[in-house]
Amino acid sequence: MNTNEAKEYLARREIPQLFESLLNGLMCSKPEDPVEYLESCLQKVKELGGCDKVKWDTFVSQEKKTLPPLNGGQSRRSFLRNGGPGSGKGTQSLKIAERYGFQYISVGELLRKKIHSTSSNRKWSLIAKIITTGELAPQETTITEIKQKLMQMPDEVGIVIDGFPRDVAQALSFEDQICTPDLVVFLACANQRLKERLLKRAEQQGRPDDNLKATQRRLMNFKQNAAPLVKYFQEKGLIMTFDADRDEDEVFYDISMAVDSKLFPNKEAAAGSSDLDPSMMLDTGEIIDIGSDYEDQGDDQLNVFGEDTMGGFMEDLKKCKIIFMIGGPGSGKGTQCGKLAEKYGFTHLSTDELLQNELSSESGRSKLIRDIMERGELVPSGIILELLKEAMVASLSNTKGFLIDGYPREVKQGEEFGRRIGDPHLVICMDCSADTMTNRLLQRSRNSPQADDNTTTIAKRLETYYRASIPVVAYYETKTQLHKINAEGTPEEVFLQLCTAIDSIF
């Protein structure tokens, strides 16, 4: 068995995820007999039905050894800020703390101060060397420093922790020993921009951990750890991501709206809202990228409010095959996408399904989307792009490409996707007559009690589709490979045409 075959075997069997989960369990449980503990964990894997059922926290106890409230029993608001080094999370963290009257904690600054005050201590001298090379500081040391800092502020109504966590193990340890955060914010920023900001900061501040070698190492660590970390908080419905490649005030406005929605859902906007420019709309289509702004932290933590948390992930995304599937209701694009995903190892993403999944969650973003839809307004293109990016990053490690169904629905969405992620390798248009689509939808309505299509509603849906799709198809005809598929035939005939089109990009 060669190296590639071995890697493929491990990935197919979900072995890396299993080992990660076992390590997380060991770190949090600290069993007296680790061998016996691992045996019990493996037995649990069998009971669950295999490695693919194992999550990051499968072997982590749900009991939280939370710090005492210390403020009369009132639980405090807390949220973590994450993003790649240079994503601007430190600046935004300070502004949010000031606006809401929260206490600000920079984990990186905590560690740097400790190093400076105990320079003769061998332990902290070693930690200083670790940070200078761009590696993460020891997890338990970091958690201890955070706990000690929190004990010094018993009466604070809220706390913003900047630069933490930087990987899933740190997140689990924080939840196990301190608490579960109310909100995690991730700032996304282009990888090249992160490098430029870090090198500029090195010139201005002279921090030892901003040297070129350490910067490259930090960005690499960030790239490796960010996707699993974001996925972990997504499963908990705690994280919101924002595009930090924008004006600082625009980013601040979007974050403030998220904090209002998540932490103060039944109250008027917090004091200071009048200072925000109401002209900064949420539908700019600029939300999301998982960033890397470790500016105000030691290099041992990861900020959850990150500008391009996707930093390096965006580069990997651009290496994947991306195919847009455009077609009217009843054209068969959903069915064909499922078959194509199975044949080519692609991930099938439907923007409608992503929205429905988000609405069924308890996230702050779901409330924002629901409020928009209840007002009869269109969901901002930025939110749609954010959902797509998150789904793509979550599948990045086990896919050969992405089939995106029902997107873009307007030229603006396509332009924004190209700017933030990259142009698709192929755009497929399912060419089908209105009569055929109408007949298929009526047949589906008769066969499915849930479907409420009738000739009137179908006509409106088709009119909406044609009005939106004509300029989109025209846009891609001059920009990239566009294949029009005759979707009038049988599913088998259409599938063969689609395979021919997809084979052309390999």
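Quick caveat: nothing in here was measured; it's all calculated off a predicted structure.

Draft legend 1. Broad picture of the pattern of salt bridges. Summed over the entire model, instances satisfying the criterion amount to nine salt bridges. Salt-bridge contacts for Lys236 lead to Glu175; the nearest nitrogen and oxygen are separated by 3.4 Å. On the criterion of sequence distance, the pair formed by Lys236 in helix 10 (residues 212–236) and Glu175 in helix 8 (residues 168–177) is long-range, its members being 61 residues apart. Given the relative accessible area of 1%, Glu175 is considered buried. Each of the salt bridges in this network shares a partner with another, and the network as a whole consists of Lys95, Glu248 and Asp249.

Draft legend 2. Representation of the pairing of strand 3 (residues 158–162) within the structure. Burial analysis of strand 3 places five of its five residues in the buried class, the great majority of the element. Residues Gly158, Val160 and Asp162 point to one face of strand 3 and Ile159 and Ile161 to the other, with burial holding for every one of them. Bridge analysis of strand 2 (residues 103–106) against strand 3 gives four bridges, and the strand direction is parallel. Residue pairing across strands places Gln103 opposite Ile159, the latter belonging to strand 3.

Draft legend 3. Summary view of the packing of aromatic side chains. Scanning the model with the defined rule gives twelve aromatic pairs in all. Relative to Tyr407, the ring of Phe324 has its centre 5.7 Å away and its plane inclined at 80 degrees; by these criteria the two rings are edge-to-face. With Phe324 in strand 6 (residues 321–327) and Tyr407 in the loop between strand 8 (401–405) and helix 17 (411–420), the pair connects residues that are 83 residues apart, well separated along the chain. Judged by its relative accessible area of 0%, Phe324 is buried. A relative accessible area of 2% places Tyr407 in the buried class.

Draft legend 4. Quick look at the sheet that holds strand 9 (residues 426–431). Spatially, 7-8-6-9-10 is the arrangement adopted by the five strands of the open sheet, whose pairing is parallel. The two strands at the open ends of the sheet, each matched to only one other strand, are strand 7 (347–350) and strand 10 (482–486). The average angle at which neighbouring strand axes cross in this sheet is 20 degrees, direction not considered. Bridge count for strand 9 against strand 10 is five bridges, and the pairing is parallel. Looking at the pairing, Asp431 lines up with Asn486 of strand 10. Along the sheet, helix 13 (residues 333–344) contacts strand 6, strand 7, strand 8 and strand 9; its crossing angle with strand 8, the most-contacted strand, is approximately 170 degrees.

Draft legend 5. Local environment of the nonpolar core. Ranked by internal contacts, the top residues of the largest apolar core, which has 35 residues, are Phe324, Met392, Phe402, Ile404, Tyr407 and Phe417. Broken down by secondary-structure element, the contributors of at least two residues to this core are strand 6, helix 14 (351–359), helix 15 (364–374), helix 16 (381–395), strand 8, strand 9 and helix 19 (455–477). It is helix 16 that provides the largest number of residues to this core, a total of eight residues. Other than its neighbours up to four places away in sequence, Phe402 contacts Leu317, Cys320, Lys321, Ile322, Ile323, Phe346, Thr347, Leu349, Met392, Ser395 and Leu396. In terms of nonpolar packing, the next biggest core, distinct from the first, is built from 25 residues, Met325, Phe346, Leu462 and Ile485 among them.

Draft legend 6. The arrangement of the packing of helix 7 (residues 139–151) against helix 8 in detail. Packing of helix 7 against helix 8 leaves a shortest axis separation of 10 Å and a crossing angle of 40 degrees. When the axis of helix 7 is compared with that of helix 8, the two are oblique. Considering only the axes of helix 7 and helix 8, their crossing is right-handed. Of the residues in helix 8, those touching helix 7 at Gln139, Glu140, Ile143, Ile146 and Lys147 are Ala169, Gln170, Ser173, Phe174 and Gln177.

Rules of the game
- Residues numbered from 1 in each chain as written.
- Predicted model: local features only at pLDDT ≥ 70, side-chain atom pairs only at ≥ 80, totals over all residues.
- Heavy atoms only, no water.
- Salt bridge = Lys/Arg side-chain N within 4 Å of Asp/Glu carboxyl O.
- Helix = DSSP H or I, 4+ residues; strand = E, 2+ residues; numbered from the N terminus.
- Buried < 20%, exposed > 50% of the residue type's maximum accessible area, 1.4 Å probe, protein only.
- Pairing = 2+ DSSP bridges.
- Phe/Tyr/Trp six-rings, centres within 6.5 Å; stacked < 30°, edge-to-face > 60°.
- Axes fitted to C-alpha atoms, helices over the stretch in contact; angles between N-to-C directions.
- Contact = heavy atoms within 4.5 Å.
- Core = buried A, V, L, I, M, F, W, Y, C linked by side-chain atoms within 4.5 Å.
- Parallel < 35°, antiparallel > 145°, perpendicular 65-115°, else oblique.
- Left-handed = near helix turned anticlockwise from the far one by under 90°.

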